[in-house]
Structures are given as structure tokens and as C-alpha cells.
Amino acid sequence: MSIEVRDPWFLQKLAADVVLEGVVMNGSVRGPERVTEQIRTVVGLYRDYTLLWSADLGDRRVQEYTAVVDGRPVTGVGTFHLNPEGQVDHIVVNHRPLSAALTVSRLLGESPLGQHRDPNEFYRPTGQSYEDLVAYAATHGSANV
């Protein structure tokens, strides 16, 4: 069943130290305000959102879904870690195929959110070198939570 997503369930359960990682960005996002801003921006790109399945696995919840972004079909998998208080403290969202992930990343960079962030945080088809991305990742790398 296709639905329009407004605010995903986990935005009401974010821990103060929440970290968001994903293939559509270079590095990680920390803190409830920044995570909420980015999730809402991505959700705003989705059309024809369909939840395929969801599972609760102890202190983790996993969801797989499909959507359309800028005319491209995308499949996403979100993994959510819950701390002992039941708050979400680590989120990893990955998109496939690569062309769709790059489209989401590019659109994030072009969005108002991306306009006030480091330009190397998201994919830019022109004016960005591999060295730019490596340098950004070295200072804003994975959370390794």
C-alpha cells in the first residue's frame, strides 16, 4: 500500500545524542534538530512511499521501503538503534540503486538544507573532486557507534 509519509515514527523518539548516517551523505549528522531537518527534507523528496516490511530485533528496528525520487525508483533500508530508555540514538538509512542514492544526495545538496552545509557533504555532479570528498570524510567521518 502506497502512502505519503509526513513525520516518521522515530522523530518523536530521538535521543539527545542521536547520530544519522547514510549512503546519501559524506559523514554523519548529529543531534535531534539536525537529524530531524535532514529526515524531513529527504521524506519531502519521496513520492509513492511503500513500506515493504518492518522488524523489531531487540534494541534495533529495521524497515525496508520503496519510493520514487525525481522519477527514479528507490529502495531504502533504515536501521534504528534504541538506547535503554527506548530513544533512537543511531540511525542508518541506505538507498539503492546507486543512481537513486546519488539523485537523493544531489537533491539534498541543492535543497535549502544543503545550501547551509559544507558543499562536500552531498554529491555534486560538477565542481567536486575525489580529493574534496576524502578531505571532508577525514574530518566528518563515520560515527562508528
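The rules behind each value
- Residues numbered from 1 in each chain as written.
- Predicted model: local features only at pLDDT ≥ 70, side-chain atom pairs only at ≥ 80, totals over all residues.
- Heavy atoms only, no water.
- Helix = DSSP H or I, 4+ residues; strand = E, 2+ residues; numbered from the N terminus.
- Rg over C-alpha atoms; globule rule 2.2 N^0.38 Å.
- Buried < 20%, exposed > 50% of the residue type's maximum accessible area, 1.4 Å probe, protein only.
- Lys, Arg positive; Asp, Glu negative; His and termini not counted.
- Charge placed at Lys NZ, Arg CZ, Asp CG, Glu CD.
- Patch = residues over 30% accessible without salt bridge, like charges linked within 9 Å, V, L, I, M, F, W, Y side chains within 5 Å.
- Areas by Shrake-Rupley, 256 points an atom, 1.4 Å probe, with all protein chains shown as cover.
- Salt bridge = Lys/Arg side-chain N within 4 Å of Asp/Glu carboxyl O.

- For the chain, the name recorded in an unreviewed UniProt entry is SnoaL-like protein, with Kribbella koreensis as its organism.

**Observations concerning the overall build of the chain**
So, point 1. The helix and strand inventory of the chain stands at four helices and seven strands.
So, point 2. Helices and strands in the chain line up, N terminus first, as β-β-β-α-β-β-β-β-α-α-α.
So, point 3. For the chain, the C-alpha radius of gyration of 15 Å lies close to 15 Å, the compact-globule estimate for 145 residues.
So, point 4. Taken over the C-alpha atoms alone, the chain extends approximately 40 × 35 × 25 Å along its principal axes.
So, point 5. Classification of the 145 residues of the chain by burial places 44% in the buried group.
So, point 6. Looking at the chain, you have 13 positive and 18 negative side-chain charges, and the mean spots of the two groups are 4 Å apart.

**With respect to a nonpolar patch on the surface**
So, point 1. A surface patch of nonpolar side chains, about 270 Å² in accessible area, is lined by Leu98, Leu102 and Tyr123.
So, point 2. Mapped onto the secondary structure, Leu98 falls in helix H2 (residues 98-110).

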